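# Residue-level structural notes
Spelled out from the first residue to the last, the chains are:
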Amino acid sequence: MANINQESSLDSTDLLTEISVAYYQDGATQEEISKKFSISRAKVGRLLKQARDEGIVEITVKYHPVFSAKIEQRLIDRFGVKRALVALDQPSEEQQRLQVAGLVSKYLASTLQNGTVMTVGQGRNVSAVAHHVGVIPQKDVKFVCGIGGIHPRGGMFNADHICRQFAKSYGGSSETLYAPAYAENREQKLAFMQNATVKQTLDLARKADVALIGIGDMSENSYMVDLGWFTADEVVQSRMLQGVVGDFAGYDFFDIRGVAASTVMSDRVIGLGIDEFKSISEVIAIAAENSKPLALLGALRTGAIDVIATSVSNALTVLNLDEQIADNKQ
């Protein structure tokens with residue numbers, strides 16, 4: 001009976017933690033732990049594995065900058081982009097978003113010039129760049145909304161809010177697109193698109209020197225569904241029946257080949273489409289979340305992206321997916 005109690009005690013969370021701290025933090029060997037707790041070395045190995053399986057221990061690989069540089073070059077070679085900004089993997093989605101945003105913010109600070117016009121998209125990732133805390137050079141840059149406004153709950157993820165934040169940081173100016181991002185139907189969208197004020201802003205956005213946009217993935221739990229722009233069923237049907245894997249700047253929806261798909265959702269968006277972004281000399285696309293490799297692959301294949309910003313794990317997954325698809329075609 002004593003042996004059973006001892007076994008049960010050793011498997012408890014407290015002891016798993018104690019053994020893990022001894023091994024990973026204090027640097028004790030498995031042999032030393034075995035003697036300290038009067039258990040076999042094999043048992044120590046099983047307990048350390050259990051600690052990892054149960055999440056008591058989380059192992060994060062810290063990549064050397066040279067490793068990231070090699071991944072960036074692979075993306076450039078494979079997809080013909082001008083630059084790839086690859087951030088080290090982080091333990092949480094929010095930390096990952098901030099890490100990627102930091103790279104993009106630094107890139108913009110070094111490349112934007114006086115007189116530059118930048119088209120700005122919407123969403124969490126683009127917003128994170130605008131709100132990044134760092135040394136921002138004062139430059140006369142004009143930030144223009146590339147998509148209309150969203151529900152008040154969208155707040156800081158709204159393209160207009162993001163433009164204003166960029167203008168504040170750089171000491172530049174911003175231009176609002178006075179229309180909703182998502183109309184209730186195609187007829188309403190066309191009416192807005194014919195409005196002189198809306199047309200004037202979209203024309204300026206089309207002629208921009210730089211664009212910063214986010215890449216979205218197709219999920220019934222997505223931000224777009226949460227805000228009520230589209231129903232979960234519309235998203236699922238587009239994914240299942242048309243093979244849609246993502247959206248480009250919240251507008252055009254595309255498949256894994258990077259081909260734009262005509263969906264009921266496309267007919268309701270007021271903003272620039274993929275083809276219009278192609279005429280902008282530098283389009284920077286950002287996607288930090290680890291749920292977006294398929295969307296990233298499709299987006300890279302549209303040919304509209306010049307600079308891609310993401311994480312190490314996303315970049316590696318995108319490269320592997322592209323290789324697998326290429327192998328299957330042969």
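A few points on the structure. (Residues numbered from 1 in each chain as written. Predicted model: local features only at pLDDT ≥ 70, side-chain atom pairs only at ≥ 80, totals over all residues. Heavy atoms only, no water.)

### Here's the deal with the side chain of Asp160
- Of note, Asp160 is situated in helix α8 (residues 159-170).
- Within polar-contact distance, the side chain of Asp160 engages the side chain of Thr176 at 2.5 Å.
- Apart from residues lying up to four places away in sequence, Asp160 is in contact with Cys145 and Thr176. (Helix = DSSP H or I, 4+ residues; strand = E, 2+ residues; numbered from the N terminus. Polar contact = N/O pair within 3.5 Å; in protein donor to acceptor, adjacent residues only side chain to side chain. Contact = heavy atoms within 4.5 Å.)

### Section: the pairing of strand β3 (residues 142-145)
- Where strand β2 (residues 117-120) lies against β3, 4 bridges are found, and the strand directions are parallel. When the sheet's bridge partners are listed, Val117 is paired in β3 with Lys142.
- With helix α7 (residues 124-130) bridging β2 and its parallel neighbour β3, the resulting β-α-β unit is right-handed.
- Where β3 meets strand β4 (residues 173-175), 3 bridges bridge the pair, whose relative direction is parallel. Residue pairing across strands places Val144 opposite Glu175, the latter belonging to β4. (Pairing = 2+ DSSP bridges. Right-handed = clockwise from strand over helix to strand, strands pointing away.)

### Looking at the packing of helix α2 (residues 13-25) against helix α4 (residues 41-53)
- Two elements in contact, α2 and α4, have axes separated by 9 Å at closest approach and are oriented at 105 degrees. Considering their axes alone, α2 and α4 lie roughly perpendicular with respect to each other. Between α2 and α4, the residues in contact are Leu16, Ile19, Ser20, Tyr23 and Tyr24 and Leu47, Leu48, Gln50, Ala51 and Arg52, respectively.
- Residues of the contact of α2 with α4, tallied by class, amount to 7 nonpolar, 2 polar and 1 charged. (Axes fitted to C-alpha atoms, helices over the stretch in contact; angles between N-to-C directions. Parallel < 35°, antiparallel > 145°, perpendicular 65-115°, else oblique. Nonpolar A, V, L, I, M, F, W, Y, C, P; charged D, E, K, R; others polar.)

### Some words on the pairing of strand β5 (residues 210-217)
- The buried fraction of β5 is high, at 8 of 8 residues.
- Residues Val210, Leu212, Gly214 and Gly216 of β5 are buried on one face, and the alternating residues Ala211, Ile213, Ile215 and Asp217, pointing to the opposite face, are buried as well.
- With 3 bridges joining them, β2 and β5 adopt parallel strand pairing. Counterpart to Val120 in the pairing with β5 is Leu212.
- In this structure, β5 lies alongside strand β6 (residues 244-248), joined through 3 bridges in antiparallel fashion. (Buried < 20%, exposed > 50% of the residue type's maximum accessible area, 1.4 Å probe, protein only.)

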